[in-house]
Amino acid sequence: MGSARHTVAVIGAGKIGELVLSGLLRSGWPAQRLLATARRPVRAEELATRYGVRVVDNLTAVDEAAVLAIAVKPQDAGVLLDEIGPKVPADKLVVSLCAGLPTSFFSRRLPEGTPVVRVMTNTPALVDQAMSAISAGAHATGEHLALAEEMFAPLGATLRVPESQQDAVTALSGSGPAYFYLLVEAMIDAGILLGLPRQVAHELIVQTAIGSAVMLRDSGEHPVKLREAVTSPAGTTISAVRELEKHGVRAALLAALEAARDRARELAAQAD
Ligand SMILES: NC(=O)c1ccc[n+]([C@@H]2O[C@H](COP(=O)([O-])OP(=O)(O)OC[C@H]3O[C@@H](n4cnc5c(N)ncnc54)[C@H](OP(=O)(O)O)[C@@H]3O)[C@@H](O)[C@H]2O)c1
């Protein structure tokens, strides 16, 4: 396997499926090697017009594509697999994008030997800055992982992780963009509180977020070190840090990510 010669079908092309489709197209994956499926005809129409890919029914996608990228909501995966599971030839690669669902969920509903790879990506895929964590399920070889990497590398960074870590990955990077947006939103509100016009507060905080993120990535420094560089003795930053600690921001993040991990487990249990 490997290379753009393979046809990839995005089964259930909603928000995440669309990110994958558009990313593959941006990376030069030929439109004639991409298929999409959707539940509502109006959605099918929209995808065909926007991306010039063929939107087909699920069974046609199974028939024609070498790689089936499953992007339905976890709670819809059972119904989908009841429909397509028995029809999937065991030489196809199934790539699951569904949060929380273990590869065993798919393997049990697919013919014996079908390779399954689990990927947790995130919405910055839209600007080619995704974090996609990739795990091999039963029957998936190094070649299958390499093909999944080839699909997701154009959308941002990729990392191979053992499947046992995927619920934690979901809590950290899958849901992660939402935590940063919430922090940014709160800091913009703080700017308003301090009397800044909303647009000015927005610009200051968004660029500060981007600058901090690029420094974190490119300097290779530990975040503590970067924070210490902004925290002078008896200065302004330490006064703010004291308030953050007093209000339990660190503890809140620990509890929040634990709750997200637990919810991923719950969704998997409900889908089973
Ligand atoms: N959103 C995120 O940030 C994020 C991040 C990482 C992973 N994920 C995972 O990505 C998956 C999709 O999430 P999403 O936010 O993209 O949800 P979504 O926008 O609701 O997309 C799911 C799509 O699947 C379609 N669908 C459902 N059942 C189908 C079926 N039997 N046949 C064909 N199409 C079907 C739906 O069609 P209709 O629109 O017609 O209902 C919808 O377009 C989830 O499993 C989620 O865990 C999401």
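A quick note: this is a predicted structure, and the numbers were derived from the prediction, not measured. One numbering rule holds for all chains: residues counted from 1, following each sequence as written. For this predicted model, a pLDDT threshold of at least 70 governs which residues receive local features, and a threshold of 80 or more governs which side-chain atom pairs are given and counted, while totals over whole chains, interfaces and linings are taken from all residues. Side-chain numbers come from the whole structure's heavy atoms, not from hydrogens or water.

**Some words on the overall build of the protein**
Move 1: When its secondary structure is counted, the protein shows 12 helices and 8 strands.
Move 2: Each principal axis of the C-alpha distribution contributes one length, and for the protein these read about 65 × 35 × 30 Å.
Move 3: Buried, partly exposed and exposed residues are distinguished by accessible area as a fraction of the type maximum, computed with a 1.4 Å probe on protein chains only: under 20%, between the cut-offs, and over 50%, respectively. The burial tally for the protein puts 40% of its 272 residues in the buried class.
Move 4: We call two residues contacting when some pair of their heavy atoms lies within 4.5 Å. Residue pairs at least 24 apart in sequence account for 64% of intrachain contacts in the protein once pairs closer than 6 positions are excluded.
Move 5: For the protein, the accessible surface area stands at approximately 14,700 Å², while carbon and sulfur atoms represent 61% of it.
Move 6: Positive: Lys, Arg. Negative: Asp, Glu. His and the chain ends are not part of the count. Charge positions are represented by NZ for Lys, CZ for Arg, CG for Asp and CD for Glu. In the protein, 26 positive and 29 negative side-chain charges are present, and the distance between their average locations comes to 2 Å. Numbering goes from the N terminus for both helices and strands, where a helix is a DSSP run of H or I of at least four residues and a strand is a run of E of at least two. To be clear on the numbers: accessible area is Shrake-Rupley with a 1.4 Å probe, and residue cover counts the displayed protein chains and nothing else.

**So, the layout of surface pockets**
Unoccupied space between atoms shows up once a probe the size of one water molecule is rolled over them.
Move 1: A pocket, in this scheme, is an open set of points on a 1 Å grid over the protein atoms alone with protein on both sides within 12 Å along at least 5 of 7 lines, while a cavity is a set where a 1.4 Å probe fits but cannot get out; residues line either one if an atom lies within 4 Å of a point. Grid points are joined across faces, edges and corners, and a volume is the space filled by probe spheres set on the points. Its boundaries defined by the atoms lining it, the second largest pocket holds a volume of some 1,100 Å³.
Move 2: Contributing to the lining of the second largest pocket are 36 residues, with K15, A71, V72, K73 and P74 lying nearest its centre.
Move 3: Of all the secondary structure elements, the ones that give two or more residues to the lining of the second largest pocket are α1 (15-26), α4 (77-84), α7 (166-174) and α12 (249-271).
Move 4: A per-element tally of the lining of the second largest pocket places α12 first, with 4 residues.
Move 5: In this classification, Asp, Glu, Lys and Arg are treated as charged, Ala, Val, Leu, Ile, Met, Phe, Trp, Tyr, Cys and Pro as nonpolar, and every other residue, Gly included, as polar. In terms of residue class, the lining of the second largest pocket is made up of 17 nonpolar, 11 polar and 8 charged.
Move 6: For the purposes of this description, domain bounds are those given by an automatic or database domain assignment. Mapping the lining of the second largest pocket onto the domain boundaries places at least three of its residues in each of domain 1 (8-163) and domain 2 (175-268).

**Thoughts on the UniProt feature "binding site: NADPH" (unreviewed entry) in the protein**
Move 1: UniProt positions are given in the numbering used here, feature names are shortened, and annotations may be inferred rather than shown by experiment. The feature "binding site: NADPH" (unreviewed entry), as given by UniProt, occupies N58 in the numbering adopted here.
Move 2: On the secondary structure map, N58 appears in helix α3 (residues 58-64).
Move 3: Those residues in contact with N58, other than ones at most four positions away along the chain, are I11, T37, L80, E83 and I84.
Move 4: Under this definition, polar contacts are N or O atom pairs within 3.5 Å; protein pairs additionally need one hydrogen-donor-capable and one acceptor-capable atom, and for neighbouring residues in sequence, both atoms have to be side-chain atoms. At 2.7 Å, the side chain of N58 and the side chain of T37 are in polar contact.

**As for the pairing of strand β8 (residues 156-160)**
Move 1: Only when DSSP finds a minimum of two bridges between them are two strands counted as paired. Pairing geometry for strand β7 (residues 130-136) and β8, over 5 bridges, is parallel. Its bridge partner lying in β8, M131 is registered against A157.
Move 2: Convention used here: a crossover is right-handed provided that the path from the first strand, over the helix, to the second strand proceeds clockwise when the strands point away from the viewer. You can see the chain leave β7, run along helix α6 (residues 142-152) and come back into β8, and the turn it takes is right-handed.

**Re the site of the ligand**
Move 1: For each residue, the test is whether any non-hydrogen atom lies within 4 Å of the molecule or strand; if one does, the residue is near. The local shell around the ligand holds 22 residues, among which I16, R39, R40, V72 and A99 are the closest.
Move 2: At a separation of 3.0 Å, an oxygen atom of the ligand approaches a polar backbone atom of K15.
Move 3: Placement in a cavity or pocket follows one criterion, namely that more than half of the molecule's atoms lie within 2 Å of its grid points. A molecule is said to occupy a pocket when more than half its atoms come within 2 Å of that pocket's grid points, and by this definition the ligand occupies the second largest pocket.

**Here we look at the packing of α7 against α12**
The description of two helices packed together rests on the angle between their axes and the distance between the axes.
Move 1: With their axes 8 Å apart at the nearest point, α7 and α12 run at an angle of 130° to one another. Between α7 and α12, the crossing angle belongs to the class labelled oblique. Seen along the crossing, α7 lies across α12 with a hand that is right-handed. Along its contact with α7, which presents D167, A168, T170, A171 and L172, the element α12 presents L257, A260, R261, A264 and R265.
Move 2: A breakdown of the residues in the contact of α7 with α12 according to their chemical character gives 6 nonpolar, 1 polar and 3 charged. Orientation is described by axes fitted as lines to C-alpha atoms, over the contacting stretch for helices, and by angles from 0 to 180 degrees between their N-to-C directions. We call two directions roughly parallel when the angle between them is under 35 degrees, roughly antiparallel when it is over 145, roughly perpendicular when it lies between 65 and 115, and oblique otherwise. By convention the crossing between two helices is left-handed if the near helix lies anticlockwise of the far one by an angle smaller than a right angle, and right-handed if it lies clockwise.

**Some points on the UniProt feature "domain: Pyrroline-5-carboxylate reductase catalytic N-terminal" (unreviewed entry) in the protein**
Move 1: In this structure's numbering, the residues bearing the UniProt feature "domain: Pyrroline-5-carboxylate reductase catalytic N-terminal" (unreviewed entry) are residues 7-100.
Move 2: Strand forms 19% of residues 7-100 and helix 40%; the C-alpha atoms that close the span are 26 Å apart.

**Here we look at the sheet that holds strand β1 (residues 8-11)**
Move 1: Ordered in space as β3-β2-β1-β4-β5-β6-β7-β8, the 8 strands form an open sheet in which the pairing is mixed. Looking at which strands have only one partner, the edges of the open sheet turn out to be β3 (54-55) and β8.
Move 2: The strands that α1 touches are β1 and β2 (34-37); relative to β2, the one it contacts most, it runs at about 165°.

**Here's the deal with the packing of helix α8 (residues 176-193) against helix α9 (residues 198-219)**
Move 1: Across the interface, α8 lies against α9 with an axial gap of 9 Å and an inter-helix angle of 140°. In terms of their interaxial angle, α8 and α9 are classed as oblique. Between α8 and α9 lies a crossing whose hand is right-handed. Between α8 and α9, the contacting residues are V184, M187, I188, D189, G191 and I192 on the first element and R198, A201, H202, I205, V206 and A209 on the second.
Move 2: When grouped by side-chain class, the residues that make up the contact of α8 with α9 number 8 nonpolar, 2 polar and 2 charged.

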